[in-house]
Amino acid sequence: MPLKVAIVGSGPSGFYTVAALLKSGADCQIDVIERLPTPFGLIRGGVAPDHQKTKNVWRAYEKSALNEAVRYYGNVEVGRDIAIDELQDIYDAVVLAVGSPLDRKLGIPGEDKEGVIGSASFVGWYNGHPDFRGLNPDLNISAAVVVGNGNVAIDCARVLAKTPEEMTATDLTDYAAAAIHASPLTDIYMCGRRGPVQAKFTNVELREMGQLTDCHPVVDPAQLPDSVPEGLEDRERRLCERNLETLRGFTTLSAEGKPKRLYFSFFANPVEILGGDRVEGVKLEHTAVENGRAVGTGNFFEVSCGLVIPAIGYYGEPFPGVPFDERGGIVVHNDGLVQGNVYAVGWIKRGPTGVIGTNKHDGDHAAARILDEQSNDDKSGRLSLETLLGERGVRWVTYPDWKKIDESEIANASPGAPRRKYSEIKEMLAVLD
Ligand SMILES: Cc1cc2nc3c(=O)[nH]c(=O)nc-3n(C[C@H](O)[C@H](O)[C@H](O)COP(=O)(O)OP(=O)(O)OC[C@H]3O[C@@H](n4cnc5c(N)ncnc54)[C@H](O)[C@@H]3O)c2cc1C
């Protein structure tokens, strides 16, 4: 009798857990339960549409999905279609791999104004995540402020700045492409409350901002230190050196023929979103960095804009029946063990940090703990899962079903594009009818 394991969520952390269980050689029956019909979490819905090479990691996950010990149950939301305690009863182990789908808030006045759109929503919208299909941001604007100095902030700025030609070989959704490319937007401000030394962008992403057809990166040389400060660890130091070199390089680029500008505004902390019902600007405070922390200087300035995208990090969603750490935005756990036979991996365990590969360690660790701590209790696993879902009229999507949706998206692609994404669940299910 195999050990029955339910993995809730089909993003990287879920699939790395599946791979580790399979690799162990233990006799397991693994069911991956995913709230969307489409698998792979942020690989599909987060990673930028013009970074197809990064998205290719799905191929490794597919190998696991096609293993005969594994089944995929897409379009099944745990907490809505089936409760976590029901899964605990019918599986030997349950792994929460549900990610961190919410935006961290800026926590400043005016944040609820129309036109303030968190990066989770904005990225989900351009990437065709069904939750954000109806977002319909008003891009009839000349300026936007992206708050944050990480890769997600850069992604948002870049997708707004690229030309239709630069987005040809991407899976940017049709409706997002139409809205972005019709927008009169010319000025994008990327604000970070700390300086270039503390900025979190990786160098590849940063460099790309100097290679855009229509957009000129604007950097104030006075904000760049002459050298990397003492006290950084080797890895941080190398990243910092490369980023400073790139930013210095930006100051020498010509803006000629580039109608758009991306302003790197360091040492700028947003303190208020301005406007009436709609955003009309952002009030920011100049900062200084002391011991790595941003400290207000009492000098304020304003930037007019019609869109604000806070990209300051993600936050987990409290999961019904599971203790939640409100401060960290993660589930409460002890080295990955949440409670009873429930484990956590990925962003819902660690918070929203690291790269895709960082989740592999979580998957390896959870698999090892499960194999060590849980025994086969003659649970009914997928038999009961399918009975319960059937009784509740839930239409689950199998992996072969997903492949049909996938093939249909690929077949519908415009020339040069990898696919034309479906962004509504009903469209995806219609492919299967
Ligand atoms: C905008 C953005 C761009 C990124 N770009 C890169 C990049 O270029 N390179 C890189 O290395 N990293 C990138 N990352 C980071 C990377 O995407 C994450 O490290 C990784 O996706 C986290 O994996 P996860 O499995 O924890 O969560 P997720 O990928 O979020 O997967 C969680 C899955 O759980 C599902 N789920 C949620 N709730 C339920 C429920 N109740 N029932 C069933 N299923 C549920 C979700 O639908 C989702 O499919 C990016 C992140 C973001 C936000």
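Structure first, text after, so check above.
Only a predicted model underlies this, so the values are computations on that prediction, with no experimental measurement involved.

### Observations concerning the overall build of the chain
Helix and strand counts for the chain come out as 15 helices and 18 strands. Against the 2.2 N^0.38 benchmark of 22 Å for 433 residues, the chain shows a C-alpha radius of gyration of 23 Å, consistent with a compact globule. With the C-alpha coordinates aligned to their principal axes, the bounding extent of the chain is approximately 65 × 50 × 40 Å. Residues classed as buried in the chain amount to 54% of the 433 residues present. Carbon together with sulfur atoms contributes 49% to the accessible area of the chain, which is approximately 19000 Å² in total. Put simply, the chain has 46 plus and 61 minus side-chain charges, and the middle of one group is 3 Å from the middle of the other.

### Considering the site of the ligand
Taken together, 30 residues sit near the ligand, with Ser 13, Glu 34, Val 78, Trp 347 and Ile 356 positioned nearest. Interatomic distance of 2.9 Å between a backbone N/O atom of Val 78 and a nitrogen atom of the ligand. Here Asn 359 contributes a side-chain N or O atom positioned 3.1 Å from an oxygen atom of the ligand. In the complex, the protein chains occlude 90% of the 1000 Å² of accessible area that the ligand would expose alone. Every element with two or more residues in the shell around the ligand is listed here: α1 (12-24) and α7 (151-161).

### As for the pairing of strand β4 (residues 93-96)
Burial along β4 is two-sided: the residues Ala 93 and Val 95 and Val 94 and Leu 96 are all buried. Note that strand β1 (residues 3-8) and β4 share four bridges and pair parallel. When the sheet's bridge partners are listed, Val 5 is paired in β4 with Ala 93.

### As for the sheet that holds strand β13 (residues 307-310)
Within the open sheet, the five strands sit side by side as β8-β9-β7-β6-β13. Their pairing is parallel. In this open sheet, the two strands that pair with only one neighbour each are β8 (215-219) and β13. The mean angle between the axes of side-by-side strands here comes to 20 degrees, regardless of whether they run parallel or antiparallel. Strand contacts of α7: β6 (143-147), β7 (187-191), β8, β9 (260-265) and β13, with the helix running at about 175 degrees to β7, the strand carrying the most contacts.

### A few points about the sheet that holds strand β12 (residues 293-304)
The three strands lie next to each other as β10-β11-β12, forming an open sheet whose pairing is antiparallel. The outermost strands of the open sheet, each flanked by one partner alone, are β10 (268-275) and β12. Averaged over all pairs of adjacent strands, the angle between strand axes in this sheet comes to 20 degrees, irrespective of strand direction. Both strand β11 (residues 279-290) and β12 contribute to a ladder of nine bridges, which runs antiparallel. Residue Leu 284 lies in a different strand from β12, and its bridge partner there is Phe 301.

### Digging into the nonpolar core
Judged by nonpolar contacts, the single largest core of 48 residues is most densely connected at Trp 125, Met 190 and Phe 264. The dominant element in this core, judged by the number of residues it contributes, is α7, at seven residues. The contacts of Phe 264, once residues within four sequence positions are left out, are Met 190, Phe 201, Leu 206, Met 209, Pro 217, Val 218, Val 219, Gln 223, Leu 247 and Phe 250. Core analysis: the next-biggest nonpolar cluster, separate from the first, contains 35 residues, Val 32, Val 95, Ala 367 and Val 397 among them.

### Re unusual backbone geometry
In the Ramachandran plot, Asn 75 falls in the positive-phi region, its phi being about 65 degrees despite a non-glycine side chain. Note on Asn 75: relative accessible area 10%, which makes it buried. Positive phi, close to 60 degrees, is recorded for Asp 378, a residue that is not glycine. Looking at the secondary structure, you find Asp 378 in the loop between α12 (358-373) and α13 (382-391).

### So, the pattern of salt bridges
Counted according to the given criterion, the structure contains 30 salt bridges. We note a salt bridge from Arg 158 to Asp 50, for which the minimum N-O separation is 2.7 Å. Of this pair, Arg 158 sits in helix α7 while Asp 50 sits in the loop between α2 (42-45) and α3 (52-55), placing them 108 residues apart in sequence. For the pair formed by Arg 158 and Asp 50, the shared burial category is buried. Put simply, Glu 114 and Arg 278 hold a salt bridge, and the shortest N to O gap is 3.6 Å. You can see Glu 114 sitting in the loop between β5 (102-103) and α6 (119-126) and its partner Arg 278 sitting in the loop between β10 and β11, a full 164 residues away along the chain.

### A short note on the pairing of β6
The buried count for β6 comes to five of five residues, which makes it a mostly enclosed element. Of the two faces of β6, the one holding Ala 143, Val 145 and Val 147 and the one holding Ala 144 and Val 146 are both buried throughout. Looking at chain direction, β6 and β7 are connected through five bridges and run parallel. By the bridge assignment for β7, Val 147 is matched with Cys 191. One ladder, built from four bridges, connects β6 with β13; its direction is parallel. When the sheet's bridge partners are listed, Val 145 is paired in β13 with Val 308.

### Concerning the packing of α1 against helix α4 (residues 58-65)
Running from N to C, α1 and α4 point in directions that differ by 50 degrees, and their axes come no closer than 9 Å. The pairing of α1 with α4 is recorded here as oblique in orientation. The two elements α1 and α4 cross, and the hand of that crossing is left-handed. Each of Pro 12, Phe 15, Tyr 16, Val 18, Ala 19 and Leu 22 in α1 lies in contact with α4, whose residues at this interface are Tyr 61, Ser 64 and Ala 65. Among the residues forming the contact of α1 with α4, the class breakdown is eight nonpolar, one polar and no charged.

### A look at the state of the cysteines
One pass over the structure, following the stated rule, counts zero disulfides. Left without a disulfide partner, Cys 156 is nearest to the cysteine sulfur of Cys 191, which lies 13 Å away. The thiol of Cys 240 is not disulfide-bonded; the next cysteine sulfur, from Cys 191, is found 20 Å away. On the basis of relative accessibility, which here comes to 3%, the residue Cys 240 falls in the buried class.

Definitions and cut-offs
- Residues numbered from 1 in each chain as written.
- Predicted model: local features only at pLDDT ≥ 70, side-chain atom pairs only at ≥ 80, totals over all residues.
- Heavy atoms only, no water.
- Helix = DSSP H or I, 4+ residues; strand = E, 2+ residues; numbered from the N terminus.
- Rg over C-alpha atoms; globule rule 2.2 N^0.38 Å.
- Buried < 20%, exposed > 50% of the residue type's maximum accessible area, 1.4 Å probe, protein only.
- Areas by Shrake-Rupley, 256 points an atom, 1.4 Å probe, with all protein chains shown as cover.
- Lys, Arg positive; Asp, Glu negative; His and termini not counted.
- Charge placed at Lys NZ, Arg CZ, Asp CG, Glu CD.
- Near = heavy atom within 4 Å.
- Polar contact = N/O pair within 3.5 Å; in protein donor to acceptor, adjacent residues only side chain to side chain.
- Pairing = 2+ DSSP bridges.
- Axes fitted to C-alpha atoms, helices over the stretch in contact; angles between N-to-C directions.
- Contact = heavy atoms within 4.5 Å.
- Core = buried A, V, L, I, M, F, W, Y, C linked by side-chain atoms within 4.5 Å.
- Salt bridge = Lys/Arg side-chain N within 4 Å of Asp/Glu carboxyl O.
- Parallel < 35°, antiparallel > 145°, perpendicular 65-115°, else oblique.
- Left-handed = near helix turned anticlockwise from the far one by under 90°.
- Nonpolar A, V, L, I, M, F, W, Y, C, P; charged D, E, K, R; others polar.
- Disulfide = S-S within 2.5 Å.

In short, geometric facts, not functional conclusions.
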